[in-house]
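# Understanding the architecture of this molecule
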Amino acid sequence: MIDAIKRTQLQRKGLSCGKKRREQNQSAFVSTLRYSPLVRSLVYAAFLGGFLVLVLGRTKEVSVFFGEPAKIVVVSLLLMVIAVIQQQVAHRDHFRKNSLQCLIFGLIFLQVALIRVLDWVVEVNGLQDSFNLLLMPFALAPMTLTILLGRNQGLFAVMFGSLLGCLLVPVGTLFVFLISSLFVGLLGVYITQNARKRGRVVQAGFYSGLAAVSLFILLGVLAPFKLSDLTSAEWQIVGVQVLCGIVTGIFSGMLVGGCLPFLESGFGVTTDIGWVEL
């Protein structure tokens, strides 16, 4: 009643429009979903369970710990514990909000799951094993989390996603995968940490794809033969591989930029890009 009288007085003086901002009443159930440690534990359990399904469902015997499910469970559990502790110690504000924890681990799980998906796509289409790495969006989760929650969460995605991915790739490409994931992911975080426009995100994707292709050439993944001795058919293969790597980076940037409005509204986060576009 008193607030209504004050608003009326301010309206007469021309200092108020007479309208009141709508207040969102937060029920006890919604508050529990947002801040309950039990719900947070369920998010972690779902992530760990989904990841174990991915790892234990591998069919290639050249993968790490293949045929040793006990070791896989122990290593995965240890990595999960380390990740949770790191979130609690270094990101307290984000750790308390279950929605943000769901966002962080959901994006990392998406990137890790793409390893299995791409492995299946390459195998079904009879492509060379190098396409497993060329088509992998290493900077997808790091760039998204950097824009939404800051570069520290982007760095967390780089480190945690790289370690988890090591359990899914063949032993022969494990070192190349780890170096590529760390380098390309860190590059994506560095470029997008101060992004103000969506074009900057696409640009970051392009640079990430270009960096990945350059790294694969240096490590002998893209062209394990001498470039001077290539035939025309082999040059075509190299061209397709380079194009795939760069297009993957550009597509990653476009996907991140396109999904930002939905992620912002869905998880209640406002980015610098969102402020500029208001």
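Notes on the structure follow. (Residues numbered from 1 in each chain as written. Predicted model: local features only at pLDDT ≥ 70, side-chain atom pairs only at ≥ 80, totals over all residues. Heavy atoms only, no water.)

## Examining the packing of aromatic side chains
A full pass over the atoms with the stated rule returns ten aromatic pairs. Through a chain of ring-to-ring contacts, three or more aromatic side chains come together here, namely Tyr 44, Phe 47, Phe 105, Phe 109, Phe 156 and Phe 160. Between Arg 40 and the ring centre of Phe 95, over which it is positioned, the NZ or CZ distance is 4.7 Å. (Phe/Tyr/Trp six-rings, centres within 6.5 Å; stacked < 30°, edge-to-face > 60°. Lys NZ or Arg CZ within 6 Å of the ring centre and 35° of its normal.)

## Concerning the packing of helix α3 (residues 37–56) against helix α6 (residues 98–124)
Two numbers describe how α3 lies on α6: the axes approach to 10 Å, and their chain directions differ by 0°. The angle between α3 and α6 falls in the class roughly parallel. Contact with α3, carried on its side by Val 39, Arg 40, Val 43, Tyr 44, Phe 47, Gly 50, Phe 51, Val 53 and Leu 54, involves Asn 98, Gln 101, Cys 102, Phe 105, Ile 108, Phe 109, Val 112, Ala 113 and Arg 116 of α6 and no other residues of that element. A per-class count over the contact of α3 with α6 returns 13 nonpolar, three polar and two charged. (Axes fitted to C-alpha atoms, helices over the stretch in contact; angles between N-to-C directions. Helix = DSSP H or I, 4+ residues; strand = E, 2+ residues; numbered from the N terminus. Parallel < 35°, antiparallel > 145°, perpendicular 65-115°, else oblique. Contact = heavy atoms within 4.5 Å. Nonpolar A, V, L, I, M, F, W, Y, C, P; charged D, E, K, R; others polar.)

## Section: the pattern of salt bridges
Per the stated rule, a full pass over the model turns up two salt bridges. Linking Glu 68 and Lys 71 is a salt bridge whose minimum nitrogen-to-oxygen distance equals 3.3 Å. Given the relative accessible area of 32%, Glu 68 is considered partly exposed. For Lys 71, a relative accessible area of 42% gives the class partly exposed. With a closest N to O distance of 3.6 Å, Asp 93 and Arg 96 form a salt bridge. Placement of the pair is Asp 93 and Arg 96 together in helix α5 (residues 92–96), with a separation of three residues, close to one helical turn. In this structure Arg 96 comes out as partly exposed when scored by relative accessible area, which is 43%. (Salt bridge = Lys/Arg side-chain N within 4 Å of Asp/Glu carboxyl O. Buried < 20%, exposed > 50% of the residue type's maximum accessible area, 1.4 Å probe, protein only.)

## Re α6
Three or four residues apart is the spacing at which side chains of an α-helix point the same way, because the helix has 3.6 residues per turn. In this model, α6 (27 residues) spans 38 Å end to end at C-alpha, consistent with the 39 Å of a helix rising 1.5 Å per residue. Backbone geometry just downstream of α6 places Gly 126 in the positive-phi region, at approximately 65°. (Expected span 1.5 Å × (residues − 1).)

## A look at the side chain of His 94
As for its placement among the helices and strands, His 94 is situated in helix α5. Not counting residues within four places of it along the chain, the set of residues in contact with His 94 comprises Leu 100, Gln 101, Leu 149 and Gln 153.

## Description of the packing of helix α10 (residues 174–192) against helix α11 (residues 198–218)
At a minimum axis distance of 9 Å, the contact between α10 and α11 shows a crossing angle of 155°. Overall, the two elements α10 and α11 adopt an arrangement that is roughly antiparallel. Read as a crossing pair, α10 and α11 show a hand that is right-handed. Contact residues: Val 176, Ile 179, Ser 180, Phe 183, Val 184, Leu 187, Gly 188, Ile 191 and Thr 192 in α10; Arg 200, Ala 204, Tyr 207, Ser 208, Ala 211, Ala 212, Leu 215 and Phe 216 in α11. Of the residues contributing to the contact of α10 with α11, the split by class is twelve nonpolar, four polar and one charged. (Left-handed = near helix turned anticlockwise from the far one by under 90°.)

## Digging into the nonpolar core
Ranked by internal contacts, the top residues of the largest apolar core, which has 63 residues, are Phe 105, Ile 108, Phe 160 and Phe 216. It is α6 that contributes the most residues to this core, eleven residues altogether. Residues contacting Phe 160, with those up to four places away along its chain left out, are Phe 47, Leu 79, Met 80, Ala 83, Phe 105 and Ile 108. (Core = buried A, V, L, I, M, F, W, Y, C linked by side-chain atoms within 4.5 Å.)

## Quick look at a nonpolar patch on the surface
Taken together, the side chains of Leu 77, Val 81, Ile 85 and Val 89 present a nonpolar region at the surface, about 350 Å² in accessible area. What makes Val 89 exposed here is its relative accessible area of 62%. (Patch = residues over 30% accessible without salt bridge, like charges linked within 9 Å, V, L, I, M, F, W, Y side chains within 5 Å. Areas by Shrake-Rupley, 256 points an atom, 1.4 Å probe, with all protein chains shown as cover.)

## Observations regarding the environment of Leu 219
Mapped onto the elements of the fold, Leu 219 is located in the loop between α11 and α12 (232–267). A relative accessible area of 35% means that Leu 219 is categorised as partly exposed. Along the backbone, Leu 219 and Ile 179 are 40 residues apart, and their C-alpha atoms lie at a distance of 9.9 Å.

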